[in-house]
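Structural overview
Each chain, letter by letter, is given below.
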Amino acid sequence: MSSVRVIDYTPKIIAQVRTKGSLAIRRALQDALRISRPTTPKADTNFLRNNTKIQVLGNKGKVAWLASYAQYQERGRRADGSRVVRNYTTGGTGKQFAEKAMKQVDKQRSKYLKGLIK
Amino acid sequence: MNIAQSFANYLETITGSTLGQTLFIGQAPSSNKAPDDLWWIITSGGTPILDAVTGEMVKQYSIEVYHRSRNYKSVYDLQQDLEITLNCSRCVELQDFEIVSIRATAFPIDSDLDDEDRKIALIQVDLTAYEDCIDIS
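This one's a predicted model, so the numbers in the text were calculated from it and none came from an experiment. (Residues numbered from 1 in each chain as written. Chains lettered and ligands numbered in written order. Predicted model: local features only at pLDDT ≥ 70, side-chain atom pairs only at ≥ 80, totals over all residues. Heavy atoms only, no water.)

Notes on the overall build of chain A
In plain terms, the rule: Helix and strand definitions follow DSSP, with helices as H or I runs of at least four residues and strands as E runs of at least two, each counted in order from the N terminus. We compute the radius of gyration from the C-alpha atoms alone; for a globule the expected value is 2.2 Å times N to the 0.38, where N is the number of residues. Buried residues are those whose accessible area, probed at 1.4 Å on protein chains only, stays under 20% of the maximum for their type, while exposed residues exceed 50% and partly exposed ones sit between those limits. Here, residues are in contact when the closest pair of their heavy atoms is within 4.5 Å. Under the convention used here, a 1.4 Å probe and the Shrake-Rupley method define accessible areas, while residue burial counts only the protein chains that appear. Asp and Glu count as negative and Lys and Arg as positive, but His and the ends of the chain are not part of the count. In this description, the location of a charge corresponds to atom NZ of lysine, CZ of arginine, CG of aspartate or CD of glutamate.
For chain A, the count of helices and strands is 5 helices and 2 strands. Taken from the N to the C terminus, the helices and strands of chain A come in the order α-α-β-β-α-α-α. Computed over its C-alpha atoms, the radius of gyration of chain A comes to 21 Å, more than 25% above the 13 Å expected for a compact globule of 118 residues. Judged by the C-alpha coordinates and their principal axes, chain A covers about 85 × 25 × 25 Å. Per-residue burial for chain A yields a buried fraction of 30% across its 118 residues. Once local pairs closer than 6 in sequence are excluded, the contacts in chain A between residues at least 24 apart make up 59%. Of the roughly 8300 Å² of accessible surface on chain A, 52% is carried by carbon and sulfur atoms. Side-chain charges of chain A comprise 26 positive and 7 negative groups, with the mean position of each set lying 4 Å from the other.

Next comes the structure, spelled out in structure tokens:
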């Protein structure tokens, strides 16, 4: 009589995918910040560019621009549509710096998983 | 009793937290109303994976356990202790649920976006539990 031994590695794989996935999200968000930096509007202080924070908890990640006027700069106008920014003094900078960076990151998402899952 | 309530009650006993004061279901309350040292859980699932002819079911749940505090060491120690406890299926006792399997994954601790000095830890729990039929009528 023969016997078969079955080892279930599913929980191990799930745990590995989760922890490595978390790391991939962190990589992606750090890359988003790097991509957004040259296009983020700046004054002499660089306050908007330098005051950012990334938070990754499990499979959810957030990147935040902490300056109180960050959302105004991202929209390029007030929420009600008024006060449209007409001139950016630093060339190459402009509105939607965060959205454009996130879209670029989204296009190359497999890059952040490279080398993590074996 | 639903899974969130049952798990919160269990968490109360092992973490020393109090539901409604330092432990919450669904979300952490606004920062200025709550203490820094806080637990909260978010549950999802309830997917039936096995049903008995008599009507009882085995269901799968996912529970996220968050803990925040100003002290990184205490957040880390509690997270690690809880992960060890939750990965021991005979250690966990939930009212109205019989645990078939439980797996917990601890994730890296990160800063709270609302307050840089505050740290947040997350443990993701996959729970498979047997449930009796409950007549709510």
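Some thoughts on empty space enclosed by the protein
Residue and element names in this part refer to chain B. Using the following cut-off: In the cavity and pocket records, a cavity denotes points on a 1 Å grid over the protein atoms alone where a 1.4 Å probe fits but cannot get out, a pocket denotes an open set with protein on both sides within 12 Å along at least 5 of 7 lines, and lining residues are residues with an atom within 4 Å of a point. Grid points are joined across faces, edges and corners, and a volume is the space filled by probe spheres set on the points. Under this grouping Gly is polar, as are all residues other than the nonpolar Ala, Val, Leu, Ile, Met, Phe, Trp, Tyr, Cys and Pro and the charged Asp, Glu, Lys and Arg.
Taken as a whole, this structure holds 1 cavity of 30 Å³ or more when the rule is applied. Forming the boundary of the largest cavity are W39, V65, Y66, H67, Q79, L82, A121 and I123. When contributions to the lining of the largest cavity are tallied by element, the ones reaching two or more residues are β3 (57-69), α2 (72-86) and β6 (115-131). Of the residues forming the lining of the largest cavity, the biggest block, 3 residues, is contributed by β3. When the residues that make up the lining of the largest cavity are grouped by side-chain class, the tally is 6 nonpolar, 2 polar and no charged.

A few points about the interface of chain B and chain A
Rule in force here: By convention, the term buried area covers the 1.4 Å-probe accessible surface removed from two parts as they join, with the contributions of both added. The rule for a salt bridge is simple: a side-chain nitrogen of Lys or Arg has to be within 4 Å of a carboxyl oxygen of Asp or Glu.
The interface is formed by 17 residues belonging to chain B together with 17 residues belonging to chain A. Buried surface at the junction of chain B and chain A, summed over both partners, amounts to about 1400 Å²; 55% is from carbon and sulfur atoms. Three residues, F107, D110 and L113 of chain B, lead the burial of chain B against chain A; their summed loss comes to 42% of the area buried on that side. Counting across the interface, chain B meets chain A through 3 salt bridges.

With respect to the nonpolar core
Residues and elements named next belong to chain B. Using the following cut-off: Take the buried Ala, Val, Leu, Ile, Met, Phe, Trp, Tyr and Cys residues and link them wherever side-chain atoms come within 4.5 Å; each set so joined is a nonpolar core.
In terms of nonpolar packing, the biggest core is built from 23 residues, with F7, V65, L86, L94 and V125 touching the most fellow members. Going through the elements one at a time, α1 (3-15), β2 (38-51), β3, α2, β4 (97-106) and β6 are the ones with two or more residues in this core. For this core, the leading source of residues is α1, giving 5 residues.

Considering the state of the cysteines
Residue and element names in this part refer to chain B. Convention followed: Any two cysteine sulfur atoms lying within 2.5 Å of each other are counted as a disulfide.
Under the definition given, this model contains 1 disulfide over all chains. Between the sulfur atoms of C88 and its disulfide partner C91 the distance amounts to 2.0 Å. Between C88 and C91, the S-S dihedral sits near 70°, and the bridge is therefore right-handed. Overall, C88 belongs to the buried group, its relative accessible area being 16%. We classify C91 as partly exposed; its relative accessible area is 36%.

Here's the deal with the confidence of the model for chain A
The line we're drawing: Confidence per residue, as judged by the predictor, is encoded in pLDDT with a range of 0 to 100.
Of all residues in chain A, 98% attain a pLDDT of 70 or more, and the chain-wide mean is 90. Least confident of the elements in chain A is helix α5 (residues 109-113) of chain A, whose mean pLDDT is 89; most confident is helix α4 (residues 97-107) of chain A, at 95.

Focus: the confidence of the model for chain B
Confidence along chain B averages 91 in pLDDT terms, with 97% of residues attaining 70 or more. Across the interfaces of the predicted complex, the ipTM metric reaches 0.76, alongside a pTM of 0.85.

Let's talk about the side chain of S6 of chain B
Residues and elements named next belong to chain B. For S6, the location among the structural elements is in helix α1. Residue classification places S6 among the buried residues on the basis of a relative accessible area of 1%. If we ignore the near neighbours within four places in the chain, the residues touching S6 are M1, L94, Q95 and F97.

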